[in-house]
Amino acid sequence: MAFVNEDNLTELAGQRWASAHDPRLAELITALVRHLHEFAREVRLTEDEWAAAMDWLAATGRMSDEKRQEFILASDVLGLSTLVVQLNNRFTAKATPATVLGPFHIDGSPPAEFGFDMAAGLDGTPLFITGTVTDTGGTPLPGAVLDVWQADTDGYYESQLPEVDEARLRAKYRAREDGTYCVRTIAPKGYSIPMDGPVGDLLSRTGISHFRPAHVHFMLDEPGHRKLITHLFQEGADYLDTDVVFGTKDALVVPFTERPAGPSPDGGHLDRPFLHATFDFVLEPTPS
Ligand code: BEZ
Ligand code: FE
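Residues numbered from 1 in each chain as written. Chains lettered and ligands numbered in written order. Predicted model: local features only at pLDDT ≥ 70, side-chain atom pairs only at ≥ 80, totals over all residues. Heavy atoms only, no water.

Some details on the pairing of strand S9 (residues 228-234)
Logical step 1: Of all seven residues in S9, seven are buried, a share of seventy percent or more.
Logical step 2: Side chains Leu228, Thr230, Leu232 and Gln234 of S9 all project onto a buried face; the interleaved residues Ile229, His231 and Phe233 project onto the opposite face, where all are buried too.
Logical step 3: Pairing between strand S8 (residues 215-220) and S9: six bridges, direction antiparallel. The residue of S9 that forms the bridge with phenylalanine 218 is threonine 230.
Logical step 4: Strand direction decides the pairing type here: S9 and strand S10 (residues 253-254), joined by two bridges, are parallel. (Buried < 20%, exposed > 50% of the residue type's maximum accessible area, 1.4 Å probe, protein only. Helix = DSSP H or I, 4+ residues; strand = E, 2+ residues; numbered from the N terminus. Pairing = 2+ DSSP bridges.)

A word on the nonpolar core
Logical step 1: Ile129, Val133, Leu146, Phe218 and Phe281 are the most contacted members of the largest nonpolar core, which has 45 residues in total.
Logical step 2: Residue contacts for phenylalanine 281: discarding those within four places in its chain leaves Thr96, Thr132, Val133, Thr134, Leu146, Tyr181, Phe218, Leu220, Leu228, Thr230 and Leu232.
Logical step 3: Residues Ala151, Tyr157, Tyr191 and Met219 belong to the second largest nonpolar core, which totals seven residues. (Core = buried A, V, L, I, M, F, W, Y, C linked by side-chain atoms within 4.5 Å. Contact = heavy atoms within 4.5 Å.)

Things to note about the domain arrangement of the protein chain
Logical step 1: Domain assignment breaks the protein chain into domain 1 (9-67) and domain 2 (80-283).
Logical step 2: For domain 1 and domain 2, the distance between their C-alpha centres works out to 35 Å.
Logical step 3: Each side of the interface is counted separately: domain 1 has five residues, and domain 2 has six residues.
Logical step 4: Summed over both sides, the interface of domain 1 with domain 2 buries roughly 520 Å², with 68% coming from carbon and sulfur. (Domains from an automatic or database assignment. Buried area = accessible area lost by both parts, 1.4 Å probe.)

Thoughts on the coordination of the iron ion (ligand 2)
Logical step 1: The protein atoms that coordinate the iron ion (ligand 2) are Tyr157 (OH), Tyr191 (OH), His215 (NE2) and His217 (NE2), at distances of 1.8 to 2.1 Å.
Logical step 2: Each of the six donor atoms around the iron ion (ligand 2) contributes to a set of angles spanning 53 to 164°, which defines the coordination as irregular.
Logical step 3: Sequence positions of the residues that donate to the iron ion (ligand 2) give the spacing Y-x33-Y-x23-H-x1-H. With tyrosine 157 in the loop between strand S3 (145-149) and strand S4 (170-174) and histidine 217 in strand S8, the pair connects residues that are 60 residues apart, well separated along the chain. Each member of the pair tyrosine 157 and histidine 217 is classed as buried. (Donors = N, O, S within 2.8 Å, 3.2 Å for Na, K, Ca; no water. Tetrahedral: all angles 85-135°; square planar, octahedral: opposite > 155°, others 65-115°.)

Some remarks on the sheet that holds S4
Logical step 1: Read from one edge of the open sheet, six strands run S1-S4-S3-S8-S9-S10, paired in mixed fashion. The open sheet has two edge strands with one neighbour each: strand S1 (111-112) and S10.
Logical step 2: Examined bridge by bridge, S1 and S4 share two bridges and lie parallel to one another. Across the sheet, proline 111 pairs through a bridge with lysine 172, a residue of S4.

Some remarks on the site of ligand 1
Logical step 1: What surrounds ligand 1 is the set Leu73, Asp76, Gly102, Pro103, Phe104, Tyr157, Tyr191, Ile193, Arg212, His215, His217 and Val245.
Logical step 2: At a separation of 2.7 Å, an oxygen atom of ligand 1 approaches a polar side-chain atom of tyrosine 191.
Logical step 3: At 3.0 Å from an oxygen atom of ligand 1 is found a side-chain nitrogen or oxygen belonging to histidine 217.
Logical step 4: When ligand 1 is considered free in solution it has 260 Å² of accessible area, and contact with the protein chains removes 100% of it.
Logical step 5: Residue composition of the shell around ligand 1, grouped by class: seven nonpolar, three polar and two charged. (Near = heavy atom within 4 Å. Polar contact = N/O pair within 3.5 Å; in protein donor to acceptor, adjacent residues only side chain to side chain. Areas by Shrake-Rupley, 256 points an atom, 1.4 Å probe, with all protein chains shown as cover. Nonpolar A, V, L, I, M, F, W, Y, C, P; charged D, E, K, R; others polar.)

Laid out in structure tokens, this is it:
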């Protein structure tokens, strides 16, 4: 039997982990071992650096719970989340591209009809987002559900505000018979990702901007279609080209056009100026 030395360690560890009962687990872990060892060799990792990394991982775990996903945040700022989204959502060119989910989605948002104001009672510039939901062949998807969520004007999501006990800046809109939808909300602002944990600590030791550009999140999960998780970004917003989680895509940047007080896109009337964005969501049918 061969004992361990620097030259054979990677191969021995790989062989050992190849015994995982599930073949996919074996593939994942043997590749992980190979790349971790290669990393340590390439940078000649010191014991102090290894210990600091273990402390950082432990702190990241301590910071994480069902509301605060510090490991996901780490994956986001390292670009891994966006890479995994890209690898798994290679839609055809006609379909709306996907981007990162982020840690702030809450399941079970209340149902909302055309024009429902998901920002009722909150200060901010009114924003209407209207358009259609169709498949890549242009066929409208009546009744399609658009699960929408966003941060408030201070950059906080409901899940970051323990005192909020009812749905706030989130709702599940339903497209009408002709596939049209209308979201009413307030204009989002760019915001900082949470900086009070180990991810923020690491970022603050770099020149990286810790901000995300103004955006609204959407999730559409229609039977017979690939699930779409995406955002719409405000054209001209700050941080579009430095998004800390690498989530911005050209096709998702839309103008938020200023409109005077008067008729509003929900068929009503507003007595103050508002913003209007239009966007047609196109879902890729699942292969039959
Ligand atoms: C978000 O857009 O909600 C988000 C995404 C990744 C990290 C932090 C926030
Ligand atoms: Fe967000």
